[in-house]
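Here is how the chains run, residue by residue.
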Amino acid sequence: MDENIIIENTKLFVKKTLIGAESGHDFFHAERVYKNSLTIAKKENVNEFIVGLGALLHDIADSKFYEGDETIGPKKARLFMEDQHVDKPVIDHVVKIIENISFKGGNFVQNFKSSELDVIQDADRLDAIGAIGIARCFNYGGYKNRELYNPDISPKLEMNKEEYKKSEAPTINHFYEKLLLLKDRMNTKTGKEMALKRHQYMEGFLKQFYKEWSGEFC
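The text that follows walks through the structure, step by step, so that each part is easy to find. (Residues numbered from 1 in each chain as written. Predicted model: local features only at pLDDT ≥ 70, side-chain atom pairs only at ≥ 80, totals over all residues. Heavy atoms only, no water.)

## Considerations on the overall build of the protein
Thought 1: Scanning the protein from terminus to terminus reveals 10 helices and 0 strands.
Thought 2: For the protein, the succession of helices and strands along the chain, N to C, is α-α-α-α-α-α-α-α-α-α.
Thought 3: At 18 Å, the protein has a C-alpha radius of gyration in line with the 17 Å of a compact globule built from 218 residues.
Thought 4: Projected onto the principal axes, the alpha-carbon positions of the protein cover approximately 60 × 35 × 30 Å.
Thought 5: Taking contacts inside the protein between residues at least 6 apart in sequence as the whole, the part at least 24 apart equals 65%.
Thought 6: Of the roughly 11800 Å² of accessible surface on the protein, a fraction of 50% belongs to carbon and sulfur atoms.
Thought 7: Side chains of the protein give 32 positive and 35 negative charges; the mean places of these two sets differ by 2 Å. (Helix = DSSP H or I, 4+ residues; strand = E, 2+ residues; numbered from the N terminus. Rg over C-alpha atoms; globule rule 2.2 N^0.38 Å. Contact = heavy atoms within 4.5 Å. Areas by Shrake-Rupley, 256 points an atom, 1.4 Å probe, with all protein chains shown as cover. Lys, Arg positive; Asp, Glu negative; His and termini not counted. Charge placed at Lys NZ, Arg CZ, Asp CG, Glu CD.)

Below, the structure is given as structure tokens:
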């Protein structure tokens, strides 16, 4: 089957599968990661078909919405790609990307590396920072009914994978526990350049947030 047709079928599959998903992890998130991936891939020596499939399918079943089960997403992606008659080496590569893309508290050791994973991981992390990252962060905090901010609860910077998954800390803490760390964890030159601008935007937001929280004239 033509690769362009498979990509279009993948978009339709993701859009249908993620109907009703939490808006920070919905089809539009997958689409933004896909677009970010294509932007980065232009300057990288990668297989753009694998990048496209991996970007669109990377959150097809995010484990945080499936009681922490990290096997559902890769299984769904594999079954879909098999149905589309994608070559097995491509399927295996995309599944490994899905299994290794997540942040997971920053202490997760990847069992697989590839240039395509580097591109998609950067694209996914870019969607977690900047203006959209801020919007997604507070949207998810509201979804989980978390406090906006609590000065008495400090961020935990050395969480392991299980602590990170179970955290119920205020939303502002997530900036320090993940979002502000991503700039220095980008893989590609283009990803690093894009992340710097979004990182600076978040720093400005936090300064304004604390001023308003303190009732300062601003």
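Let's pick the thread back up.
## Considerations on the side chain of Ser 167
Thought 1: Secondary-structure assignment places Ser 167 in the loop between α8 (161-166) and α9 (171-177).
Thought 2: The exposure class of Ser 167 is buried, given its relative accessible area of 16%.
Thought 3: Within the structure, Ser 167 has its side chain in polar contact with the backbone nitrogen of Ala 169 (distance 3.4 Å).
Thought 4: Ignoring any residue separated from it by four or fewer positions in sequence, one finds Ser 167 in contact with Arg 146, Met 159 and Glu 177. (Buried < 20%, exposed > 50% of the residue type's maximum accessible area, 1.4 Å probe, protein only. Polar contact = N/O pair within 3.5 Å; in protein donor to acceptor, adjacent residues only side chain to side chain.)

## Considerations on the packing of helix α1 (residues 3-17) against helix α2 (residues 27-41)
Thought 1: Viewed as axis vectors pointing N to C, α1 and α2 meet at an angle of 150°, and their least axial separation amounts to 9 Å. Considering the angle they form, α1 stands roughly antiparallel to α2. Viewed along their axes, α1 and α2 form a crossing whose handedness is right-handed. In this structure, α1 contributes Ile 7, Lys 11, Val 14 and Lys 15 to the contact, and α2 contributes Phe 27, Ala 30 and Tyr 34.
Thought 2: Each residue belonging to the contact of α1 with α2 can be placed in one class, and the counts come to 5 nonpolar, no polar and 2 charged. (Axes fitted to C-alpha atoms, helices over the stretch in contact; angles between N-to-C directions. Parallel < 35°, antiparallel > 145°, perpendicular 65-115°, else oblique. Left-handed = near helix turned anticlockwise from the far one by under 90°. Nonpolar A, V, L, I, M, F, W, Y, C, P; charged D, E, K, R; others polar.)

## Things to note about helix α5 (residues 88-100)
Residues three or four positions apart in an α-helix share a direction because the helix packs 3.6 residues into each turn.
Thought 1: Its 13 residues place the ends of α5 18 Å apart at the C-alpha level, agreeing with the 18 Å of an ideal helix rising 1.5 Å per residue.
Thought 2: Where α5 is buried, its residues touch α3 (48-57), α4 (72-83) and α6 (115-126). (Expected span 1.5 Å × (residues − 1).)

## Side note on the pattern of salt bridges
Thought 1: A full pass over the atoms with the stated rule returns 8 salt bridges.
Thought 2: Of the charged contacts in the structure, one is a salt bridge between Arg 32 and Asp 127, with a shortest N-O distance of 2.7 Å. Of this pair, Arg 32 sits in helix α2 while Asp 127 is found in the loop between α6 and α7 (130-143), placing the two residues 95 residues apart along the sequence.
Thought 3: Taking the relative accessible area as the measure of exposure, Asp 127 reaches 1% and is therefore buried.
Thought 4: One salt-bridge network, held together by shared partners, links Arg 32, Asp 127 and Arg 136. (Salt bridge = Lys/Arg side-chain N within 4 Å of Asp/Glu carboxyl O.)

## Re the packing of aromatic side chains
To describe a pair of aromatic rings, one takes the distance between the centres and the angle between the planes.
Thought 1: Throughout the structure, instances matching the rule amount to 12 aromatic pairs.
Thought 2: Each ring, one from Phe 209 and one from Trp 213, has its centre 5.8 Å from the other, and the planes form 25°; the classification is stacked. You can see Phe 209 and its partner Trp 213 sitting in helix α10 (residues 189-213), 4 residues apart, about one turn around the helix.
Thought 3: Note on Phe 209: relative accessible area 14%, which makes it buried.
Thought 4: A residue is classified by how much of its surface remains accessible, and Trp 213, at 43% relative accessible area, is partly exposed.
Thought 5: Following the ring pairs from residue to residue traces out a cluster consisting of Phe 138, Tyr 149, Phe 175, Phe 205, Phe 209, Tyr 210 and Trp 213. (Phe/Tyr/Trp six-rings, centres within 6.5 Å; stacked < 30°, edge-to-face > 60°.)

## Some points on α4
Thought 1: Taking 1.5 Å of rise per residue, 12 residues should cover 16 Å, and α4 covers 17 Å from first to last C-alpha, within 8% of that figure.
Thought 2: Looking one or two places after α4, you find His 85, whose phi comes out positive at around 60°.

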